[in-house]
Amino acid sequence: MADDTRTSLIHAAIARLQTLTELFQKRRQQLAEGVGLTEHQWGVLEEISTDHFMPSMFARQRESSAAAVSKTIRQLVDKGLVEVSLGSGDARQRNYDLSAEGQRVMVALRQSRSHAIERVWTQLDPTQLSTFIAFADDLTARLSDLAESNAE
């Protein structure tokens with residue numbers, strides 16, 4: 001394959017990946033807005049629903065500040081979606097739980113996401129999905145290696 005053709009294919013692939021990224025982002029925003037949340041609020045609410053939520057760890061995982069996560073928690077409390085209580089053994093410890101309304105919002109988000117998966121992903125051929133997964137895994141590993149080598 002000629003270098004010009006290969007370069008054109010690479011640029012076309014990058015453009016498609018960018019389009020997919022933008023569409024995924026737009027869809028996540030639509031899902032969150034559909035229940036009156038921002039994407040960040042959705043992420044915090046989703047994490048709280050797992051029963052393993054620790055604000056500082058969440059902030060590190062998302063490369064966010066503890067102050068930003070605390071602000072989001074306050075917003076979710078103000079919306080009536082999250083309840084905060086003191087830890088039973090240590091008053092410095094906080095427990096975060098979804099309220100009944102928070103649970104309803106999470107059910108609605110999961111249903112919307114499930115509906116989208118049904119409309120889009122289940123219509124794809126399993127062979128195409130397997131090929132895509134293998135390609136995505138390879139691309140992810142290569143990009144991760146590049147990011148790590150540039151961080152050193």
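Provided above is the structure to which this section pertains.
What you are looking at is a predicted structure, and each value in this text was computed from that prediction instead of being measured.

Criteria and thresholds
- Residues numbered from 1 in each chain as written.
- Predicted model: local features only at pLDDT ≥ 70, side-chain atom pairs only at ≥ 80, totals over all residues.
- Heavy atoms only, no water.
- Helix = DSSP H or I, 4+ residues; strand = E, 2+ residues; numbered from the N terminus.
- Rg over C-alpha atoms; globule rule 2.2 N^0.38 Å.
- Buried < 20%, exposed > 50% of the residue type's maximum accessible area, 1.4 Å probe, protein only.
- Contact = heavy atoms within 4.5 Å.
- 1 Å grid on protein atoms, 1.4 Å probe; cavity = no way out; pocket = protein on both sides within 12 Å on 5 of 7 lines; lining within 4 Å.
- Points joined across faces, edges and corners; volume = space filled by probe spheres on them.
- Nonpolar A, V, L, I, M, F, W, Y, C, P; charged D, E, K, R; others polar.
- Phe/Tyr/Trp six-rings, centres within 6.5 Å; stacked < 30°, edge-to-face > 60°.
- Salt bridge = Lys/Arg side-chain N within 4 Å of Asp/Glu carboxyl O.
- Axes fitted to C-alpha atoms, helices over the stretch in contact; angles between N-to-C directions.
- Parallel < 35°, antiparallel > 145°, perpendicular 65-115°, else oblique.
- Core = buried A, V, L, I, M, F, W, Y, C linked by side-chain atoms within 4.5 Å.

**Student:** What should I look at first to understand the overall build of the protein in this one?
**Tutor:** Regarding its fold elements, the protein presents six helices and two strands. The C-alpha radius of gyration of the protein comes to 20 Å, more than 25% above the 15 Å expected for a compact globule of 152 residues. Residue burial in the protein is summarised as follows: out of 152 residues, 19% are buried. Long-range pairs, those at least 24 residues apart, make up 45% of the contacts in the protein with a sequence separation of at least 6.

**Student:** Please clarify how the layout of surface pockets should be interpreted in this entry.
**Tutor:** By rolling a water-sized probe across the atoms, one finds the places where empty space is left. Roughly 620 Å³ of volume is contained in the largest pocket. Where the lining of the largest pocket is concerned, the elements lending two or more residues are helix H1 (3–34) and helix H6 (126–151). Per-element tally for the lining of the largest pocket: the top contributor is H6, with 10 residues. Considering only residue class, the lining of the largest pocket consists of 15 nonpolar, three polar and three charged. Taken as a whole, the second largest pocket spans an internal volume of roughly 410 Å³. Every residue lining the second largest pocket is counted, 14 residues in all, and those nearest its centre are Phe24, Arg27, Ala116, Val120 and Trp121. When residues of the lining of the second largest pocket are traced back to their parent elements, those giving at least two are H1 and helix H5 (100–120). Tallied by class, residues from the lining of the second largest pocket come to nine nonpolar, one polar and four charged.

**Student:** How do you make sense of the packing of aromatic side chains when you look at a structure like this?
**Tutor:** When we look at a pair of aromatic rings, we describe it by the centre distance and by the angle of the planes. Scanning all chains against the criterion turns up three aromatic pairs. Consider the rings of phenylalanine 24 and tryptophan 121, whose centres lie 6.4 Å apart with planes at 45°: the pair is tilted. Here phenylalanine 24, found in helix H1, pairs with tryptophan 121, found in the loop between H5 and H6; they are 97 residues apart in sequence, far enough to count as distant. Look at tryptophan 121 and phenylalanine 132: their rings are 6.2 Å apart centre to centre, the planes differ by 55°, and that puts the pair in the tilted class.

**Student:** Quick question: what am I supposed to make of the side chain of glutamine 41 here?
**Tutor:** With respect to the secondary-structure elements, glutamine 41 resides in helix H2 (residues 39–48). The exposure class assigned to glutamine 41 is buried, which follows from its relative accessible area of 4%. Filtering out sequence-adjacent residues up to four positions away, glutamine 41 remains in contact with Gly36, Thr72, Gln75, Leu76 and Lys79.

**Student:** Looking at this structure, how should I read the pattern of salt bridges?
**Tutor:** One side chain can pair with another of opposite charge once the charged atoms of both are near each other. The final tally for this structure, using the stated rule, is five salt bridges. Between glutamate 101 and arginine 104 there is a salt bridge, with its nearest N and O atoms 2.7 Å apart. Placement of the pair is glutamate 101 and arginine 104 together in helix H5, with a separation of three residues, close to one helical turn. What makes arginine 104 partly exposed here is its relative accessible area of 45%. Among the ionic contacts, a cluster of salt bridges with common partners joins Glu46, Arg110 and Arg113.

**Student:** Can you help me understand the packing of H2 against H5 in this one?
**Tutor:** What describes two packed helices is the angle between their axes and the distance between those same axes. In contact at an axis separation of 11 Å, H2 and H5 are set at 110° when each is read in the N-to-C sense. By the criterion of interaxial angle, the relationship of H2 to H5 is roughly perpendicular. From H2, Trp42, Leu45 and Glu46 reach across to H5, where they touch Gly102, Val105, Met106, Leu109, Arg110 and Arg113. Among the residues forming the contact of H2 with H5, the class breakdown is five nonpolar, one polar and three charged.

**Student:** Hey, could you run me through the nonpolar core in this one?
**Tutor:** Nonpolar side chains tend toward joint burial in soluble globular proteins. By size, the foremost hydrophobic cluster in this structure holds 20 residues, and its most contacted members are Leu37, Leu45 and Phe53. When residues of this core are traced back to their parent elements, those giving at least two are H1, H2, helix H3 (55–61), helix H4 (66–78), strand E2 (94–98) and H5.

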